[in-house]
Amino acid sequence: MEARTEQTSATVAEAKQKKKLTIIVFSGDLDRVLASFIIATGAASMGQEVTMFFTFWGLNVLRKEKAPTKGKGLMRRMLGWMNKGGTNRLPLSKFHMYGAGTAMMKKLMQESKMPTVEEMFQLAKQMGVKIIACTVTMGVLGIDKETLRQEEIDGYAGVVTYLSEAQQSSVNLFI
Amino acid sequence: MEARTEQTSATVAEAKQKKKLTIIVFSGDLDRVLASFIIATGAASMGQEVTMFFTFWGLNVLRKEKAPTKGKGLMRRMLGWMNKGGTNRLPLSKFHMYGAGTAMMKKLMQESKMPTVEEMFQLAKQMGVKIIACTVTMGVLGIDKETLRQEEIDGYAGVVTYLSEAQQSSVNLFI
Amino acid sequence: MEARTEQTSATVAEAKQKKKLTIIVFSGDLDRVLASFIIATGAASMGQEVTMFFTFWGLNVLRKEKAPTKGKGLMRRMLGWMNKGGTNRLPLSKFHMYGAGTAMMKKLMQESKMPTVEEMFQLAKQMGVKIIACTVTMGVLGIDKETLRQEEIDGYAGVVTYLSEAQQSSVNLFI
C-alpha cells in the first residue's frame, strides 16, 4: 500500500513536471522572436507553465522603445546605437535588406491578421508567461534595468535559475 | 503485487516515451536542414518515433521545385519570388556568397558520398519519420497546400499539435 | 517490499537522469558559442553531467589556432581557408561588419571581466564537461583529427552516440 502511494505521488509529480516549458530567446530577429511567442502562448493556453529567458540579442525585445544604452565606454554606446531595441524594431533573420524585407513581413502579418510581436508580448503577459531577463548578458551588452520594461519583467536571473527551471521542464528550446 | 504491475506498466510507458523525438525545422538553410535530417534519420534507425515540424523558412524544404507562391497581394508574391523553394535550392547559413559557398558545400558533400537533402528527405520518409507542415506560417508566408509536396506530407498542424507531441518526447530540438 | 525497492531504484535512476544535459554546438559564432559554454559550465557547477557535441561550424572551436584544412580537393582547401578555426577567431552572428563588431564585442567582454571563449573552454575542461567532435561533419568539411586539439577532445562520435546521451538527459539544446 505504501509503495502504491509513493507510486501515485511519483506519477503526480511527473504529470506536473510535464506541464512546464522553457524557452531561451537568444535571437533578436523578428521571425525567431515571433516563433518563441507563438510556442509560449500556445503552451500557456494549454495550461502549461512557461518561462521565457531573454538573453543576448533577445534582450532587445525587453528594451523600451527609445531607451539609450547606458554604459561607461564608447564601445557600449556604439553597440547600443547599432542595436536598437523595442518590439517594433526587430529585424528579420533573412531578407532583411536594409529594412525592406522586414517591412514586407510585417505587412504580410497584418494582412493575415497575425498579431504583432508587441501584441504577442502583451498576450503572453496576460496568460501568465514568466518573462526573465538574463543578468549576465545585460552586463556584457551594457543594458541597465532602467532601459528595460521593468514593470513587465518578472525577474532578473542567471544560468543557475534557468537550469533549475529547465531540469523540471519537459520541453526546453533554444531559439 | 498490484503495485508492481503498475510499476511495470509505468516503466513500459516511460520506455516508450523515451523513444520519441521532435524537431522544429525553423531554418531553411542547407546546413541546418541537413543537420535536422541527420538527427531525424539517425533516431529513426534506432527505432525512435520522429516528428519533424516544418515552419517559417523550413517550409521551403516542402515546396515543389518550381511552385510559385500563390497569394492575394503583391507582397506575398514578392516574398515568394525571393524565397525560392525545393530541397535543391536551400542556401547555406554561412559563406553563401551569392551561391558560390553553397555550390562548394554541395560539391564537398558529393565528394564525401554524403546524401543530398533530397535523398535524406526520401530516406526519412522511408523510415517513417512524420513530416508536418505548420499551418500558422503557411498563412503568413502565403504558402498554399498546392505548392507543397502534399503526397509526402503526413499532416498540417499548429502549435497545439506540436506541444502535445513534444510533451511526450524526451528530446525536442529547435533548429 | 520488492516493489518498493524497485520503486526506489527507479527514483534514483530518474534523479540521476535529471542531472544530464547535452548541447549540440552547431554554430561557430562567437556569441552562440559563448552562450553554449555559459550554460555548460553553469550546469557542471551544479553537479550536472554535461556533454557538448561540436558539429558543422561549431567544429571551428576545436581547431588548432593555425591548423590548415587538409583535404584531397581544391574545394576543401578553399573552404578551410575561408573558415578559419580557433577559439580566438570566431565571428559574431550579428554586426560582424568585417571584424569591427566582433572586436567591439570582445572589448566589451573584457571590460565586463567576462572570460574569453578560450578561458571558458579551459574552465569547461576543468569542470569535466565532455567535449565530443562530430565525425560526420569532420568528413564533409574535410577536418582531420590532426588539425583539432586532440588532447582536449574526449571523443569522436556520430549521431547515434548523441541520441543515446540525449535520451538520458533532461535538457537537450541545439545552439
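Residues numbered from 1 in each chain as written. Chains lettered and ligands numbered in written order. Predicted model: local features only at pLDDT ≥ 70, side-chain atom pairs only at ≥ 80, totals over all residues. Heavy atoms only, no water.

Caption draft 1: Quick peek at the packing of aromatic side chains. Enumeration over the complete set of coordinates arrives at 15 aromatic pairs over all chains. A ring pair is formed by F53(C) and Y162(C), whose centres lie 5.1 Å apart and whose planes are at 85 degrees; its orientation type is edge-to-face. Taken together, the residues F53(C) in strand β2 (residues 49-54) and Y162(C) in helix α7 (residues 159-167) connect sequence positions 109 residues apart. Of the two residues, F53(C) and Y162(C), neither departs from the other in class, the shared state being buried. The structure contains a cluster of three or more aromatic residues connected by ring pairs, namely F26(A), F56(A) and F174(A). One cation-aromatic arrangement involves K145(A) over Y156(A); the distance from NZ or CZ to the ring centre is 4.2 Å. (Phe/Tyr/Trp six-rings, centres within 6.5 Å; stacked < 30°, edge-to-face > 60°. Helix = DSSP H or I, 4+ residues; strand = E, 2+ residues; numbered from the N terminus. Buried < 20%, exposed > 50% of the residue type's maximum accessible area, 1.4 Å probe, protein only. Lys NZ or Arg CZ within 6 Å of the ring centre and 35° of its normal.)

Caption draft 2: A look at the pairing of strand β1 (residues 20-25) of chain B. Residues and elements named next belong to chain B. Counting buried positions along β1 gives six out of six residues, so the element sits mostly inside the fold. For β1 and strand β2 (residues 49-54), the ladder comprises six bridges, and the chain directions are parallel. Pairing of T22 across the sheet is with T51, part of β2. Between the parallel elements β1 and β2, the chain passes through helix α2 (residues 30-45) in a crossover that is right-handed. One ladder, built from four bridges, connects β1 with strand β5 (residues 171-174); its direction is parallel. Along β5, the bridge assignment pairs T22 with N172. (Pairing = 2+ DSSP bridges. Right-handed = clockwise from strand over helix to strand, strands pointing away.)

Caption draft 3: Quick look at the side chain of E152(C). Residue and element names in this part refer to chain C. Tracing the backbone shows E152 in the loop between α6 (135-140) and β4 (155-157). Note on E152: relative accessible area 15%, which makes it buried. Here the side chain of E152 touches Q122 through a polar contact of 3.3 Å, side chain to side chain. Filtering out sequence-adjacent residues up to four positions away, E152 remains in contact with F121, Q122, K125 and I131. (Polar contact = N/O pair within 3.5 Å; in protein donor to acceptor, adjacent residues only side chain to side chain. Contact = heavy atoms within 4.5 Å.)

Caption draft 4: Quick peek at the environment of N60(C). Residue and element names in this part refer to chain C. Counting through the fold element by element, N60 comes out in the loop between β2 and α3 (74-82). Remark: the alpha-carbon pair of N60 and I39, spanning 21 residues in sequence, is separated by 19 Å. A distance of 3.0 Å separates the side chain of N60 from the side chain of R63, its partner in a polar contact.

Caption draft 5: Layout of the sheet that holds β2(B). Residue and element names in this part refer to chain B. If you walk across this open sheet you meet the five strands as β4-β3-β2-β1-β5, and the pairing is parallel. Bordering the open sheet on either side are β4 (155-157) and β5, each of which pairs with just one other strand. Strand-to-strand twist across the sheet, computed as the mean angle between neighbouring axes with direction ignored, equals 20 degrees. (Axes fitted to C-alpha atoms, helices over the stretch in contact; angles between N-to-C directions.)

Caption draft 6: Inspection of the environment of K106(B) at higher detail. Residues and elements named next belong to chain B. Take K106: it is sitting in helix α4 (residues 100-111). With a relative accessible area of 33%, K106 lands in the partly exposed category. For the pair formed by K106 and G139, sequence separation is 33 residues and the distance between their alpha carbons is 31 Å. Sequence-distant contacts of K106, that is, excluding residues within four places in its chain, are made with L30, N88 and R89.

What is shown is where atoms sit, not what they do.
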